[in-house]
Amino acid sequence: MKRSFVLAQISDLHVRTAGRLSYRKVDTWRALKTGIDQLNALRPAPDAVVITGDLTDFGKEEEYATVRALLDELTLPWFAIPGNHDARPAFRRAFADKSWMPSEGEFLHWEVNDYPLRLIGLDSTVPEKPWGELCEARAAWLSARLAEETEKPTLLMLHHPPFISGIDHMDRQNLKDADRLAQILMQAPQVMRVLCGHVHRYMVSQLAGVVVCSAPGTSHQVAADFTPDGPANFVLEPPGMLLHRWHEDQPMVTHYLPIGNYPGPWPFYDAQGLID
């Protein structure tokens, strides 16, 4: 049988506690609950789920307890990396029982090698800062991991986009060391995708010839305002997730799925052919 693998990606959960609304408007808990229910209902089921950062809004212990209770409802294996709204110590404690969570070290990097694709999670966060970094220590860790297994197809996950989106206020807080990451990727042709979040929008770019996909948020989206020095606004566009489908005989394909209930599906054809 041909090998295949599907990874679902959700991002920027921003869960708060006790039903509190983010920015006094967004019910991020309810939005994540809806997304988890949809993930659990997908058939055929994805092989795993990755969460590309900002699991909480303020990195508080009680927020992690809330988001962990929701994530425990997932019937699929799941992995997570921190974002700029997360706090490393509380993040580590919240998921300390997960085999992928490092028990020591400054950064919350991990790798999972249980699937036809290798998964690498990279901690790009800078404490109390919105932007991301790939410092020399992190770059050395990533280079070493990629050099260990050069033949197996690999997905790399980090929170901060290593590209310019055109949304000024978000581009001031992207990955500041994208050139360093590009140099690493040029030596690692097995990397098939770089997956990120942070901007709360589905975007596709390239870095060193590798496709980079940014996931939409599970609740609110950053406004697509390309005005120079435009305001930092969000919109309640439909939330979404990504499905990254790999088959050993085909290039990887990424699907965008809106989260929510929508009319259909209905058939294109009946007994007489194409429905008129």
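Asks: What exactly am I supposed to notice about unusual backbone geometry here?
Replies: Residue Pro44 is reached from Arg43 by a cis peptide bond, and omega for that bond is -5°. Among the secondary structure elements, Pro44 is positioned in the loop between helix 1 (28-41) and strand 2 (48-52). Along the chain, Gly264 connects to Pro265 via a cis peptide bond; the corresponding omega equals 5°. Its place among the elements puts Pro265 in the loop between strand 15 (250-258) and strand 16 (269-270). Although it is not a glycine, Tyr23 adopts a positive phi angle of roughly 55°. Inspection of the secondary structure assignment puts Tyr23 in the loop between strand 1 (4-10) and helix 1. A positive phi angle is found at His198, which is not glycine, with a value near 80°. Within the secondary structure layout, His198 lies in the loop between strand 9 (191-196) and strand 10 (203-207).

Reading guide: rules and limits
- Residues numbered from 1 in each chain as written.
- Predicted model: local features only at pLDDT ≥ 70, side-chain atom pairs only at ≥ 80, totals over all residues.
- Heavy atoms only, no water.
- Helix = DSSP H or I, 4+ residues; strand = E, 2+ residues; numbered from the N terminus.

Function cannot be inferred from these measures alone, as they are strictly geometric.
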